[in-house]
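The chain contents come next:
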Amino acid sequence: MTGQERSTFLGRTEGLYRRRKAFDRVMTGAMALAVVLAVIPLALILFYLLRNGIPGLSWDFFTQDPNRPGKPGGGVRNAIVGSGIIVGMALVIGVPVAIACGVFLSEYGQNRMGAFVRFLIEVMAGIPSITVGLFIYGLVVANQGHFSAFAGSLALAILLVPIVARITEEMLLLVPRSLREASYALGAPRWRTVLRIVMPTALPGIITGVMLGLSRIAGEAAPLLFTALGNQFYTTDITQPMDSLPRRIYVYATGPYDYWHEQAWAMSLVLVGIILVISLAVRALFGSRVTVRQ
Amino acid sequence: MTHLNLSPVRPSDEPLPDMLRETGGASAEFAHAAPRPMPEGTPIALSAHNVGAWYGSKKAISGISMEIAKNAVTALIGPSGCGKSTYIRCFNRMHEFAPHARVEGTILLEGADVYAPGVDPARVRQRVGMVFQKPNPFPTMSVVENVAAGLRFMGVRNRAEISDRVEEALKLAALWDEVKSDLKKPGIALSGGQQQRLCIARTIAVEPEVVLMDEPCSALDPVATLKIEDLMRGLAERYTIIIVTHNMQQAARVSDYTAFLLMAGDGAGHLVEYRSTADIFTNPHDKRTEDYITGRFG
Ligand SMILES: Nc1ncnc2c1ncn2[C@@H]1O[C@H](COP(=O)(O)OP(=O)(O)OP(=O)(O)O)[C@@H](O)[C@H]1O
Ligand SMILES: [Mg+2]
């Protein structure tokens, strides 16, 4: 198209059109820049993790427990299994509570009681994780007289609840009113509508929330310091102190030995890898389901 | 059904000319709307007496009395906002989901008061089904599960019975041939018209006595609309159908009786005229009805 044709076509709006076009280009450029800035740290983290983490990976790394300090070799089996147990138990405790809270807030929470619970959850979300650890220390560890994996799970569950509850509420509120009406019109009582129609429709969103909560708590070291403590040895006994990846990363990364630093990098890589694999697996399992249609 | 050649209807969301707006003295203006246009002895499915409905302090409809003939199609017409949806939602107690909603008057379903104390609204809704303006199949469910949903809500567990009734409902809704080869696909994977027939199948699967349809074709193309209109005539053999529509031709084509509602000066919808469809379209008694159905307004 030649300039002359365009000017006849657009007529007097030509100037306006040019200005809009230019503005559009500037804004698109600015957004592309923002995306690049956001992606750079992510790419760098992944790059350093892979570069420094891969050398530390070995068969022993996954199957051996730590050697005594200063003796190179050994692995972190106890920390990997420990993290799995502590985080898994936190999910088992926290997810049902959180989803129940979310359901209550979205379906029955349009009143003062709901406003109060919403406020509590907001406060909970704002508590620093180390404070949660201290709280559980005072409540459980000090009373029982010893550290335990269970106490660690409780602390992580407390961190998990507000995250998952809020996302659950939002996802349930996204379910179109027309679907609830369709269910009521079929003679379904309210609780059945929530259970059979609203929750399944919001399930992909709720699962995303649980995944987000999982990634958040799996990397927490602070709330485990005075709850699950840590353990040089392999254990699956939840009444005993238990090791976890974040805590062992902390100890190794700040320790004096080079092979510790290498193992700390490797553990970080494994932590990120496990979370990634779980997220992808869950998405593959549930992601194919039909999502909420607006 | 009489064939009528009606001029196109005015788009319903345009404001009404002043002369169609009632000013004051509403009850006197609407005193001639007889609640019973059918011959003596016609079986009655639903009987509404002096029904009014509120949203908080806003009165949406006022003093509407209508008897609904059994196994017939009754159409509700009227300009946008005159309370047609509100009115039919009183019949299956869906009105009460609106915040601060209130209903007055009496509604009898086969002689039993729908609003009597102790009546379970869920039970009312099983007997008075509803099809909505926009097709709303359950997105997580397949075609079959959608149709079976109401049965499961009712507590039917027998698989053979469920699959029989699903098949029957899909056949009645004229959808069976189009979906029988792929009953497991998601309900929302169907076309809009098919989805609406799926919703009709879902509604009739629980075998209600009355089926309310609130502008069931307004989201559909003319072919899909005709399919649903055909379907309605057939359904009327087994069910009592009440349809809200903005389409005069549709009301004329599918219904046996037609009621015309209009918002009065008090802001609430009133019944202007309720007669057999052939009568009301060929010989409306009320000037306002005539103006509305011919789209001439004056
Ligand atoms: N949820 C609500 N809250 C408050 N007022 C409402 C609500 N729903 C409807 N109304 C009011 O009630 C009146 C009747 O509404 P209704 O939806 O019954 O009209 P209608 O005849 O179905 O209109 P349309 O043809 O546009 O569907 C309108 O004035 C509307 O503003
Ligand atoms: Mg309406």
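Given the structure is predicted, the values throughout are model-derived calculations rather than measurements.

Chemist: Please clarify how the overall build of chain B should be interpreted in this entry.
Modeler: Tallying secondary structure elements over chain B gives eleven helices and ten strands in all. Contacts in chain B between residues far apart in sequence, at least 24 positions, make up 73% of those at least 6 positions apart.

Chemist: Where do I start with the overall build of chain A in this structure?
Modeler: Scanning chain A for helices and strands turns up twelve helices and zero strands. Starting at the N terminus and walking to the C terminus, you meet the elements of chain A as α-α-α-α-α-α-α-α-α-α-α-α. In terms of overall size, chain A is more extended than a compact globule, its C-alpha atoms giving a radius of gyration of 25 Å where 294 residues would be expected to give roughly 19 Å. Contacts spanning at least 24 positions in sequence make up 73% of the contacts within chain A whose residues lie at least 6 apart.

Chemist: Would you mind going over the site of ligand 1 with me for this structure?
Modeler: Residues and elements named next belong to chain B. Surrounding ligand 1, one finds 13 residues, the nearest of these being Tyr55, Ala60, Ser80, Ser85 and Thr86. It is helix H2 (residues 84-91) that provides the largest number of residues to the shell around ligand 1, a total of three residues. Of the residues in the shell around ligand 1, the class split is four nonpolar, seven polar and two charged.

Chemist: Got a minute to help me understand the packing of helix H5 (residues 159-172) of chain B against helix H7 (residues 192-205) of chain B in this structure?
Modeler: The relative placement of two packed helices comes down to the angle between their axes together with the axis-to-axis distance. Residues and elements named next belong to chain B. Closest axis-to-axis distance for the H5/H7 pair is 8 Å, and the angle between their directions is 130°. By the angle between their directions, the pair H5 and H7 is classed as oblique. Once H5 is placed against H7, the crossing between them reads as right-handed. Residues Arg165, Val166, Ala169, Leu170 and Leu172 of H5 lie in contact with H7, whose contacting residues are Ala201, Ile204 and Ala205. Across the contact of H5 with H7, the residue classes break down as seven nonpolar, no polar and one charged.

Chemist: What should I look at first to understand unusual backbone geometry in this one?
Modeler: Residue and element names in this part refer to chain B. Of note, the phi angle at Asn50 is positive, near 55°, even though the residue is not glycine. Tracing the backbone shows Asn50 in strand S1 (residues 44-55). One non-glycine residue, Glu207, lies in the positive phi region at around 50°. Residue classification places Glu207 among the partly exposed residues on the basis of 17 C-beta atoms within 10 Å.

Chemist: Before we go on, may I ask you to explain the domain arrangement of chain A in this structure?
Modeler: By a frequent convention, interface size equals the accessible area lost on bringing the separate parts together. Residue and element names in this part refer to chain A. Taken domain by domain, chain A consists of domain 1 (3-56) and domain 2 (59-286). Taken residue by residue, the interface counts six residues in domain 1 and eight residues in domain 2. Looking at side-chain class alone, the side of domain 1 that touches domain 2 contains three nonpolar, three polar and no charged residues.

Chemist: How should I be thinking about the nonpolar core in this particular structure?
Modeler: One recurring pattern in soluble globular proteins: nonpolar side chains tend to sit buried together. Core analysis: the largest hydrophobic core is formed by 158 residues, its most contacted members being Leu160 and Val164 of chain A together with Ala201, Ile204 and Ile241 of chain B. Here this core gets 17 residues from one element, more than from any other, and that element is helix H7 (residues 149-174) of chain A. Excluding anything up to four places from it in sequence, Val164 of chain A contacts Gly94, Val95, Ala98, Ile99, Gly209, Val210 and Gly213 of chain A.

Chemist: Quick question: what am I supposed to make of the interface of chain B and chain A here?
Modeler: Chain B puts 23 residues into the contact, and the matching count from chain A is 17 residues. Elements with a minimum of two residues in the side of chain B that touches chain A: helix H3 (121-127), strand S6 (128-131) and helix H4 (143-154) of chain B. Residue composition of the side of chain B that touches chain A, grouped by class: 13 nonpolar, six polar and four charged.

Chemist: It is not clear to me how the environment of Gly187 of chain A should be interpreted in this structure. Could you clarify?
Modeler: By the secondary structure assignment, Gly187 of chain A is in the loop between helix H8 (177-185) and helix H9 (190-218). Residue Gly187 of chain A is classed as buried on the basis of its C-beta count, with 23 C-beta atoms lying within 10 Å. The residues touching Gly187 of chain A, leaving out its near neighbours within four places in the chain, are Ala122, Arg123, Arg125, Gln126, Gly150, Phe153, Met154 and Val206 of chain B.

Chemist: Mind showing me how you'd approach the pairing of strand S9 (residues 257-263) of chain B here?
Modeler: Remember that side chains alternate between the two faces of the sheet whenever the strand is regular. Residue and element names in this part refer to chain B. With seven of seven residues buried, S9 lies mostly within the body of the structure. Looking at chain direction, strand S3 (residues 73-77) and S9 are connected through four bridges and run parallel. Each bridged residue has a counterpart across the sheet, and for Thr74 the counterpart in S9 is Tyr257. Strand direction decides the pairing type here: S9 and strand S10 (residues 269-276), joined by seven bridges, are antiparallel. Bridge pairing links Tyr257 to Ser276 in S10.

Chemist: How do you make sense of the environment of Leu269 of chain A when you look at a structure like this?
Modeler: Residues and elements named next belong to chain A. You can see Leu269 is positioned in helix H12 (residues 258-286). Residue classification places Leu269 among the buried residues on the basis of 20 C-beta atoms within 10 Å. Measuring from C-alpha to C-alpha, the distance between Leu269 and Leu44 comes to 13 Å, with 225 residues separating the pair along the chain. Setting aside anything within four residues of it in sequence, one finds Leu269 in contact with Leu49, Leu50 and Gly53.

Chemist: Would you mind showing me how to read H4 of chain B here?
Modeler: Spacing of three or four residues puts side chains on the same side of an α-helix, whose turn is 3.6 residues. Regarding H4 of chain B, the residues found buried are Val143, Asn146, Val147, Ala148, Ala149, Gly150, Leu151 and Phe153 of chain B. The inward-facing, buried residues of H4 of chain B contact H9 of chain A together with H5, helix H6 (176-179) and H7 of chain B.

Chemist: Looking at this model, I keep getting lost on helix H6 (residues 129-144) of chain A. Mind explaining?
Modeler: Residues and elements named next belong to chain A. The terminal C-alpha atoms of H6 lie 21 Å apart, and with 16 residues this matches the ideal 22 Å at 1.5 Å per residue to within 8%. Within the sequence span of H6, burial applies to Val132, Gly133, Ile136 and Val141. Buried residues along H6 sit in contact with H7 and helix H10 (222-225). Phi turns positive, to about 85°, at Gly145, one or two residues after H6.

Chemist: Hey, could you run me through the environment of Gly83 of chain B in this one?
Modeler: Residues and elements named next belong to chain B. Mapping Gly83 onto the fold places it in the loop between S3 and H2. Residues Gly83 and Ala219, 136 residues apart in the sequence, show an inter-C-alpha distance of 20 Å. Excluding its chain neighbours within four sequence positions, the residues that come into contact with Gly83 are Ala60, Ile61, Leu261, Ala268 and Gly269.

Chemist: Please clarify how the pairing of S6 of chain B should be interpreted in this entry.
Modeler: Residue and element names in this part refer to chain B. Here S6 shows a buried face lined by Val128 and Met130 and a second buried face lined by Gly129 and Val131. Examined bridge by bridge, S6 and strand S7 (residues 210-214) share four bridges and lie parallel to one another. Bridging across to S7, Met130 finds its partner in Leu212.

Chemist: Please clarify how the confidence of the model for chain B should be interpreted in this entry.
Modeler: A low pLDDT means the predicted coordinates there should not be read in detail. All names here are of chain B. On average, residues of chain B carry a pLDDT of 88, and 88% of them reach 70 or more. Below pLDDT 50 for its whole length, residues 1-26 participates in 43 contacts with residues either more than four positions away or in separate chains. Interface confidence for the predicted complex, given as ipTM, is 0.86, next to a pTM of 0.84.

Chemist: Looking at this model, I keep getting lost on the packing of helix H4 (residues 77-108) of chain A against helix H5 (residues 112-126) of chain A. Mind explaining?
Modeler: Residue and element names in this part refer to chain A. Where H4 meets H5, the closest approach of the two axes is 10 Å, and the angle between their N-to-C directions is 140°. Accordingly, the angle class assigned to the pair H4 and H5 is oblique. Handedness of the H4/H5 crossing: left-handed. Residues Cys101, Phe104, Leu105 and Tyr108 of H4 form the contact with H5, whose participating residues are Gly114, Val117, Arg118 and Ile121. Among the residues making up the contact of H4 with H5, the classes are represented as six nonpolar, one polar and one charged.

Calculation rules
- Residues numbered from 1 in each chain as written.
- Chains lettered and ligands numbered in written order.
- Predicted model: local features only at pLDDT ≥ 70, side-chain atom pairs only at ≥ 80, totals over all residues.
- Helix = DSSP H or I, 4+ residues; strand = E, 2+ residues; numbered from the N terminus.
- Contact = placed C-beta atoms within 7 Å.
- Rg over C-alpha atoms; globule rule 2.2 N^0.38 Å.
- Near = placed C-beta within 6 Å.
- Nonpolar A, V, L, I, M, F, W, Y, C, P; charged D, E, K, R; others polar.
- Axes fitted to C-alpha atoms, helices over the stretch in contact; angles between N-to-C directions.
- Parallel < 35°, antiparallel > 145°, perpendicular 65-115°, else oblique.
- Left-handed = near helix turned anticlockwise from the far one by under 90°.
- Buried ≥ 20, exposed ≤ 12 C-beta atoms within 10 Å, placed from the backbone.
- Domains from an automatic or database assignment.
- Core = buried A, V, L, I, M, F, W, Y, C linked by C-beta atoms within 7 Å.
- Pairing = 2+ DSSP bridges.
- Expected span 1.5 Å × (residues − 1).
- pLDDT = per-residue confidence, 0-100.

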